[in-house]
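# Chains, contacts and geometry: an overview
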Amino acid sequence: MLLTAAACQSSPAVDEASSEIVGGTVDLADDAVVGLTYRARPCGTAPVATCTGTLIAPRAVLTAAHCVDGESAATLLVFSGPRADGGARVEIDSIEIHPDFDGLAADLAIVTLAAPLAAAPLPLRRAPLDAAAVGTRVRLVGYGASEAGAEGIKHEGTARITQVTAASIVVAPDPALTCNADSGGPVLIAEEVAGVVAYG
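Residues numbered from 1 in each chain as written. Predicted model: local features only at pLDDT ≥ 70, side-chain atom pairs only at ≥ 80, totals over all residues. Heavy atoms only, no water.

## A look at the overall build of the protein
When helices and strands are tallied, the protein shows 1 helix and 14 strands. In the form shown here, the protein has an accessible surface area of approximately 9,100 Å², with 57% of it arising from carbon and sulfur atoms. (Helix = DSSP H or I, 4+ residues; strand = E, 2+ residues; numbered from the N terminus. Areas by Shrake-Rupley, 256 points an atom, 1.4 Å probe, with all protein chains shown as cover.)

Here it is in structure tokens:
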């Protein structure tokens, strides 16, 4: 079900561990990149992004497990568009956290939407990454605060891979990097989702 506004109630504190594209630019495209927000918020306050996610099927959003750990369809909504305070709001049907998530490892989750989004989903990278990927430029997209302090506005920027392990990709600024509320956003290689932002 699509929502046009969230209820005006008290909300839990924003997870400070959520990871902003610092050194990036405002992104008016990337329709498959969506945000997570609390369903309830204090009256008179604008919606904020708590995390970012990527539409990988019409009703499936890939995000970080720590973004949804302890949350439910009753506490979160997904929003689309360039800003947290605009665009469509979509109910969540269910949340599935990777079974190996332990607070750091396997920081992946799938949020199933109650209704499909119109955006074209982004493909997942199928080819494995190895040490040869070090130096590869990646694109990051998220709703975190910019270095100018803007929050809940989609930004994008580029970074470079500095390390690849069996379970993670480490990136360094080139010139951008993630920060609060970019967690769960995509790490894109050739416009395929090669990873999910876990921390920045």
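After that view of the structure, there is still more to cover.
## Overview of the side chain of R139
Mapped onto the elements, R139 comes out in strand β10 (residues 137-142). A relative accessible area of 16% places R139 in the buried class. Separated by 2.8 Å, the side chains of R139 and D30 make a polar contact. Excluding residues that lie within four positions of it along the chain, R139 makes contacts with D27, D30, E156, G157, P186, V187, L188 and E191. (Buried < 20%, exposed > 50% of the residue type's maximum accessible area, 1.4 Å probe, protein only. Polar contact = N/O pair within 3.5 Å; in protein donor to acceptor, adjacent residues only side chain to side chain. Contact = heavy atoms within 4.5 Å.)

## Here's the deal with the pairing of strand β9 (residues 109-113)
What you see with β9 is a clean split: A109, V111 and L113 sit on the buried side and I110 and T112 on the side with no burial. Bridge analysis of strand β5 (residues 60-63) against β9 gives 4 bridges, and the strand direction is antiparallel. By the bridge assignment for β9, A60 is matched with T112. With 5 bridges connecting them, strand β8 (residues 92-97) and β9 associate as antiparallel partners. Opposite E96, over in β9, you have I110 as the bridge partner. (Pairing = 2+ DSSP bridges.)

## Re the pattern of salt bridges
In total, this model carries 8 salt bridges according to the counting rule given. Measuring nitrogen to oxygen at the nearest pair gives 2.6 Å for the salt bridge that ties R39 to E91. Residue R39 is located in the loop between β3 (33-38) and β4 (51-57), and its partner E91 is located in the loop between β7 (89-90) and β8; the two are separated by 52 residues in the primary sequence. E91 carries the same exposure label as R39, and that label is buried. Residue E156 pairs with R139 through a salt bridge whose shortest N-O separation is 3.3 Å. Within this pair, whereas E156 is found in strand β11 (residues 155-164), its partner R139 is found in strand β10, the two being separated by 17 residues in sequence. One continuous salt-bridge network, built from bridges that share partners, spans D30, R139, E156 and E191. (Salt bridge = Lys/Arg side-chain N within 4 Å of Asp/Glu carboxyl O.)

## What to know about the packing of aromatic side chains
Within this structure, the stated rule accounts for 1 aromatic pair. With a centroid separation of 4.8 Å and an interplanar angle of 70°, the aromatic rings of F79 and Y143 are classed as edge-to-face. Of this pair, F79 sits in strand β6 (residues 76-79) while Y143 sits in the loop between β10 and β11, and the two are 64 residues apart along the sequence. Take Y143: its relative accessible area is 0%, and that puts it in the buried class. (Phe/Tyr/Trp six-rings, centres within 6.5 Å; stacked < 30°, edge-to-face > 60°.)

## Things to note about the environment of P128
With respect to the helices and strands, the residue P128 is situated in the loop between β9 and β10. The exposure class of P128 is exposed, given its relative accessible area of 71%. Once the C-alpha coordinates of P128 and A166 are considered, the two residues, 38 residues apart in sequence, prove to be 9.4 Å apart.

## Digging into the environment of G135
Within the element layout of this structure, G135 appears in the loop between β9 and β10. Distance from G135 to A172, taken between C-alpha atoms, is 9.6 Å for residues 37 residues apart in sequence. If sequence neighbours within four positions are ignored, G135 has contacts with R160 and I161.

## Notes on the confidence of the model for the protein
Looking at the protein as a whole, the pLDDT averages 86, with 87% of positions reaching at least 70. Taken together, the stretch residues 1-19 has pLDDT below 50 and engages in 63 contacts with residues farther than four places along the chain or on a different chain. (pLDDT = per-residue confidence, 0-100.)

## Quick notes on the nonpolar core
By size, the foremost hydrophobic cluster in this structure holds 33 residues, and its most contacted members are L55, V68, V78, V111 and L113. Only β3, β4, β5, α1 (65-68), β6, β8, β9 and β14 (192-196) provide two or more residues apiece to this core. When residues of this core are assigned to their parent elements, the largest contribution, 4 residues, is made by β3. Sequence-distant contacts of L113, that is, excluding residues within four places in its chain, are made with L55, P58, R59, V61, V78, V90, E91, I92 and D93. (Core = buried A, V, L, I, M, F, W, Y, C linked by side-chain atoms within 4.5 Å.)

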